[in-house]
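Chain residues, written in single-letter form:
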Amino acid sequence: MSPIGFQELSQLAGGIVLFLFGLHLASDNLKAVAGARLKVIIKLLTANRFLGLFAGLFGTVLVQSNTATAVILVGLCQAGILTMGRSIGVLLGANLGSTVTIQVVAFDLYAYALLVIAVGFIGTLSLAEKSLRFGSGLVGFLGLILLGKSLPAIGSILAIVGFASLCLSFLSERKAAGRALIGLGLIFVGMKVIKVAMAVMKESPSFSKVIVDFQAYPILVIAAAFLFTVLTNSSTATLGTAIALVAAGGSKLISPEGAVAIVMGAHLGSCPMALLSGTGTGRIGRQVSFAHVFIKVAGVIVVYPFLTEFATSLTSFNSWMSATPSRAIANAHTLFNLVNVVTLIAFTPQIASLLDWLIPEKKRQVDGILQHISDEHMEFQPLAMESAELEIKRLAFMVRGLVRSMDQALTASERSSLSSLEEADDKIDGLFHSILSFLTKMGQERLGSEMFHRAMTLVYVLTNLETIGDRVSKDFKETMKKRIDKDVHFSFEGIELLRDILNLVLERMDDIIRVFGEGENGLLTAVLEGQKEFHAKLRILKKAHFKQLVKGVQEAEETSMLFLDTLATIRSIHQAIIDIAVNLHYSPYYAQKSQEEEGSGE
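We now turn to the structure provided with this report. (Residues numbered from 1 in each chain as written. Predicted model: local features only at pLDDT ≥ 70, side-chain atom pairs only at ≥ 80, totals over all residues. Heavy atoms only, no water.)

Turning our attention to the overall build of the protein. Check the secondary structure of the protein and you find 27 helices and zero strands. When each of the 602 residues of the protein is scored for burial, the buried share is 50%. For the protein, the share of sequence-separated contacts (at least 6 apart) that also reach a separation of at least 24 residues comes to 82%. For the protein, the exposed surface amounts to about 27,800 Å²; the carbon and sulfur share of it is 63%. (Helix = DSSP H or I, 4+ residues; strand = E, 2+ residues; numbered from the N terminus. Buried < 20%, exposed > 50% of the residue type's maximum accessible area, 1.4 Å probe, protein only. Contact = heavy atoms within 4.5 Å. Areas by Shrake-Rupley, 256 points an atom, 1.4 Å probe, with all protein chains shown as cover.)

In the structure shown here, the tally under the stated rule is three aromatic pairs. On the numbers, 5.5 Å between centres and 85 degrees between planes, the contact of Phe 141 with Phe 163 is edge-to-face. Taken together, the residues span a long stretch of sequence, with Phe 141 in helix H6 (residues 129–148) and Phe 163 in helix H7 (residues 152–168) at a distance of 22 residues. For Phe 141, a relative accessible area of 52% corresponds to the exposed category. Relative to Phe 563, the ring of Phe 490 lies with its centre 6.2 Å away and its plane at 75 degrees, an arrangement referred to as edge-to-face. (Phe/Tyr/Trp six-rings, centres within 6.5 Å; stacked < 30°, edge-to-face > 60°.)

Now for the nonpolar core. With 66 residues, the main nonpolar core has Leu 395 and Val 403 as its most contacted residues. Of all the elements, helix H22 (residues 492–515) adds the most residues to this core, at twelve residues. If near-sequence neighbours (up to four positions away) are discounted, Val 403 is found in contact with Ile 468, Val 472, Leu 502, Leu 506 and Met 509. Core analysis: the second largest hydrophobic core is formed by 45 residues, Ile 243, Leu 253, Ala 259 and Ile 262 among them. (Core = buried A, V, L, I, M, F, W, Y, C linked by side-chain atoms within 4.5 Å.)

The next subject is a nonpolar patch on the surface. A surface patch of nonpolar side chains, amounting to about 570 Å² of accessible area, comprises Val 210, Phe 214, Tyr 217, Ile 219, Leu 220 and Tyr 304. If you list the elements that add at least two residues to the nonpolar patch, you get helix H9 (205–214) and helix H10 (218–232). Residue placement: Phe 214 occurs in helix H9. For Phe 214, a relative accessible area of 33% gives the class partly exposed. (Patch = residues over 30% accessible without salt bridge, like charges linked within 9 Å, V, L, I, M, F, W, Y side chains within 5 Å. Salt bridge = Lys/Arg side-chain N within 4 Å of Asp/Glu carboxyl O.)

Counted under the stated rule, the structure contains 16 salt bridges. Across the salt bridge formed by Lys 195 and Asp 108, the nearest N and O atoms sit 3.9 Å from each other. Taken together, the positions of Lys 195 in helix H8 (residues 174–201) and Asp 108 in the loop between helix H4 (84–105) and helix H5 (110–124) put the pair 87 residues apart, joining distant regions of the chain. In this structure Lys 195 comes out as buried when scored by relative accessible area, which is 16%.

The next subject is unusual backbone geometry. The phi dihedral of Asn 233 falls on the positive side, at around 55 degrees, and the residue is not glycine. Position of Asn 233 relative to the elements: it lies in the loop between H10 and helix H11 (235–249). With a relative accessible area of 43%, Asn 233 lands in the partly exposed category.

On to the side chain of Gln 287, then. Following the sequence through the fold, Gln 287 ends up in helix H14 (residues 283–303). Those residues in contact with Gln 287 that sit more than four places away from it in its chain are Met 84, Leu 355, Asp 356 and Ile 359.

What follows covers the side chain of His 333. Residue position: His 333 is located in helix H16 (residues 325–344). In this structure, His 333 is in contact with Ser 98, Thr 99, Ile 102, Leu 239, Val 263 and His 267, ignoring residues within four places of it in sequence.

Attention now goes to the environment of Ser 413. Among the secondary structure elements, Ser 413 is positioned in the loop between helix H19 (406–409) and helix H20 (419–444). In this structure the C-alpha to C-alpha distance between Ser 413 and His 489, which are 76 residues apart in sequence, comes to 8.5 Å.

In a pair of packed helices, the angle between the axes and the distance between the axes together describe the arrangement. Contact geometry of H22 with helix H26 (residues 560–586) gives a least axis separation of 10 Å together with a crossing angle of 15 degrees. Classified by the interaxial angle, the pair formed by H22 and H26 is roughly parallel. Our pair here, H22 against H26, has a crossing hand that is left-handed. Each of Gly 494, Leu 498, Ile 501, Leu 502, Val 505, Arg 508, Met 509, Ile 512 and Val 515 in H22 lies in contact with H26, whose residues at this interface are Phe 563, Thr 566, Leu 567, Ile 570, Ile 573, His 574, Ile 577, Ile 580, Ala 581 and Leu 584. Tallied by class, the residues present in the contact of H22 with H26 amount to 15 nonpolar, three polar and one charged. (Axes fitted to C-alpha atoms, helices over the stretch in contact; angles between N-to-C directions. Parallel < 35°, antiparallel > 145°, perpendicular 65-115°, else oblique. Left-handed = near helix turned anticlockwise from the far one by under 90°. Nonpolar A, V, L, I, M, F, W, Y, C, P; charged D, E, K, R; others polar.)

The end-to-end C-alpha distance of H7 is 24 Å, a good match for the 24 Å that 17 residues give at a rise of 1.5 Å each. Among all positions in H7, only Gly 155, Ala 159, Val 161, Gly 162, Ser 165 and Leu 168 are buried. Here the buried face of H7 lies against H5, H6 and H8. (Expected span 1.5 Å × (residues − 1).)

The next thing to look at is the packing of helix H12 (residues 256–269) against helix H15 (residues 307–321). It is the contact of H12 with H15, at a shortest axis distance of 8 Å, that shows an interaxial angle of 110 degrees. Regarding the angle of H12 to H15, the classification is roughly perpendicular. Like other packed secondary-structure pairs, H12 and H15 cross with a definite hand, here right-handed. Facing H12, whose interface residues are Pro 256, Glu 257, Val 260 and Met 264, H15 presents Leu 307, Phe 310, Ala 311, Leu 314 and Thr 315. When its residues are assigned to classes, the contact of H12 with H15 shows seven nonpolar, one polar and one charged.

Turning to the environment of Met 273, a few remarks are in order. Checked against the element boundaries, Met 273 lands in helix H13 (residues 271–278). Separated by 39 residues in sequence, Met 273 and Ser 234 have C-alpha atoms that sit 9.7 Å apart.

What follows concerns the environment of Ala 224. With respect to the helices, strands and loops of the structure, Ala 224 is situated in helix H10. Note on Ala 224: relative accessible area 36%, which makes it partly exposed. Considering only alpha carbons, one finds Ala 224 and Ala 261, 37 residues apart in sequence, at a separation of 9.6 Å.

Remember that the coordinates give geometry; whether it matters functionally is a separate question.
The structure is reproduced here in structure tokens:
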């Protein structure tokens, strides 16, 4: 037997790359197809740690991504919807859900992989829905006819491709679902390539001897699996390669102890990336990443001292199930996670307390720093948008506070008392640019039509909020500086009139803020219908001011232009609020939410 050469190694590397590409393609597009549903599932199924366990399991099966589940947890915890204790139950369930992927990978489905890729490709075509449905149905029925004509192979292929494509055409995220199917097919193509390469390599006596002898030192196997997982950034790739190796060489190549050691190394290998994903995020993000690492490490600590006994139990289980050698690897992964869940599920409150102690809450949060979003959210677009909404809600609260501070500035007698206006606007500008940068990065990703228009709407809202801040910190501040420099004051009645219309503007801002986070989109109609009330009040204020001038009120004469300039600033602030409401009202996404609210209220 010739030694292992370039061809075998390149084939192995190519198979692994195909496997990884298919895995990422499937996972990324499943997030787009099922992402919004995943958050709803986790929100509904976290009343206790056991329901949270089920939510994590089902959610991870749905989108094939532990990371997506973790990102959702960060958002829900930050919004106060979920406690850290319950989120740990979800993380345990997510680990259990990942075993389903490995169990599926252990099946030899290469024979169907190309058909799956074909259906997925049809789903990505830029065809009108009616044309796609008609063509798919026609191909499906043609397949049924050929089945009756004693052409079972061709008929079966056409029937499967046709009717599967027909079903795919009814999905709202059809193209994303198509790409997910392509990814799923590539996973099994990659597995086949790896198996072929392994089948050649295992014929080398030196290769087989190294693999077998290496397993005499479980700690080295764990280290090797750890390193492979870090390099590929995928524990699934590590376990998939091990499954392919066993499928090619039988159970003689990897012992039960070796299988468990590979599983432990793969678990530990996902920890560095989890820690890295927590850097640059808020406290909740770091806690979730630490919880992920704690669960992985705790599982290894629990199982490693009993490695021999665990391997014996695994062997008995595989014999009882009549499992194939490759299935034995998947079973090792499943049993390991089951032990992990059973061991830790009772201690979720204590783990949460430990995380609170390790990562305490800071006494003061800096207003201008992002608290709800980070680059990790890029992987999960629906939650990224919702997290961006939470940041915009924070920004809107800051802008409202700035507008509210106009009240005190109306009676300020020193320039120094106006400095807080500029300081507050600087914080607003910092948060504005951070959110805008995040949304800009999102726009560079491959966004669906709904997500793209949603991102555009949020950018429009952002710019209007920043405009309001500028109107206060620049226009209004300059007006107040002139008043202070001239040493004049508004009349008591004038101040009351300005405060009256300012309070109306603040009410409109409150309505806009409640749209974000709380989702009360029906308030948009109230804001838009309130324009007449605002402009009527504005006319009354001007009329009252001119009435004071005619009466010869000294303060009104001294501050006439300053009063009108202040009204102009308030009017421009109100117009920016109206622009936000109009944009939200006519946005496809928010308009749909408004209709859903109205429908549910009937």
